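Report on the structure
Next come the chains, spelled out residue by residue.
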Amino acid sequence: MDGKYKTNENNITLHDHEITEWIFGEDITLVFEDGFDVFADCALNDTGRHKQTGKSEVILKNGRFVSGFISLGFVDRNVTRDELRQLELEVLDFKRLPRGVVLDCDAWNRDTRKDAGFCEIEFSCEDVLYCWDEFKNDAWFQK
């Protein structure tokens, strides 16, 4: 995705949106097939409303997988970077840290649709870049 709009501002929320694909390379790309939400005060949003984008990406510049775990019931287990490709994740929280990010998500198996539980994943990165081409709808929380 080229991304007509690109920003590293913090006025975007991934809450309640699904990561549909992971691309691991020099950077780590999180693909959101159904987009994410851009707050009305984002410099790139001139609509005056909180808006949902079309297909979008979050790029973790020079990103590296640090750690991850899944908790289902009373059982916790580590999750590897390669396992992330087998999971669908609905973002609950995306915390930006001075040198990385932490994702809190609900997870389920991509093939079986079986609930995998709560998942927390940490990445190191130099910066976070949000990319999208269009605004499609009002955000779910727009009144």
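Placed above this text is the structure.
The paragraphs below set out a description of the structure included in this document.

So, how was this worked out
Residues numbered from 1 in each chain as written. Predicted model: local features only at pLDDT ≥ 70, side-chain atom pairs only at ≥ 80, totals over all residues. Heavy atoms only, no water. Pairing = 2+ DSSP bridges. Helix = DSSP H or I, 4+ residues; strand = E, 2+ residues; numbered from the N terminus. Axes fitted to C-alpha atoms, helices over the stretch in contact; angles between N-to-C directions. Buried < 20%, exposed > 50% of the residue type's maximum accessible area, 1.4 Å probe, protein only. Contact = heavy atoms within 4.5 Å. Salt bridge = Lys/Arg side-chain N within 4 Å of Asp/Glu carboxyl O. Core = buried A, V, L, I, M, F, W, Y, C linked by side-chain atoms within 4.5 Å.

Quick look at the sheet that holds strand β4 (residues 21-24)
The strand order across the open sheet formed by 5 strands is β1-β14-β8-β5-β4, and the pairing between neighbours is antiparallel. Pairing within the sheet leaves two strands with one partner each, and these edge strands are β1 (5-7) and β4. The average angle at which neighbouring strand axes cross in this sheet is 15°, direction not considered.

A closer look at the side chain of Thr53
Mapped onto the fold, Thr53 is located in strand β7 (residues 51-53). Accessibility expressed as a relative area gives 1% for Thr53, which makes it buried. Among all residues touching Thr53, those that are not within four sequence positions of it are Asp34, Gly35, Phe36, Val38, Trp132, Glu134, Phe135 and Lys136.

Notes on the pattern of salt bridges
Here the structure, examined in full by the defined rule, presents 11 salt bridges. The salt bridge involving Arg81 is made with Asp82; its shortest N-O contact spans 3.9 Å. For Asp82, a relative accessible area of 48% gives the class partly exposed. Where Glu88 meets Arg113, a salt bridge forms, and the shortest distance between an N and an O atom there is 3.0 Å. A residue pair is termed long-range when its members are at least 10 positions apart, and Glu88 in strand β11 (residues 87-97) and Arg113 in the loop between β12 (100-109) and β13 (115-124) qualify at 25 residues.

Let's talk about the nonpolar core
Membership of the largest hydrophobic core comes to 34 residues, with the highest contact counts inside it found for Trp22, Val58, Leu60, Leu89, Phe94, Leu103 and Phe123. Residue assignment for this core shows that the elements contributing at least two residues are β4, β5 (28-32), β8 (56-61), β11, β12, β13 and β14 (127-132). With residues near it in sequence (within four places) discarded, Leu89 still touches His17, Glu18, Ile19, Trp22, Leu84, Cys105, Asp106, Ala107, Cys119 and Ile121.

Considering the sheet that holds β11
Note on sheets: strands pair through backbone hydrogen bonds, and any given pair is parallel or antiparallel. Taken in spatial order, the 6 strands line up as β3-β11-β12-β13-β9-β10 in an open sheet, and their pairing is antiparallel. At either margin of the open sheet sits one strand with a lone partner, and together these are β3 (18-19) and β10 (75-78). Judged from the 10 bridges that link them, β11 and β12 form a sheet pairing that is antiparallel. Bridged to Lys95 within β12 is Val102.

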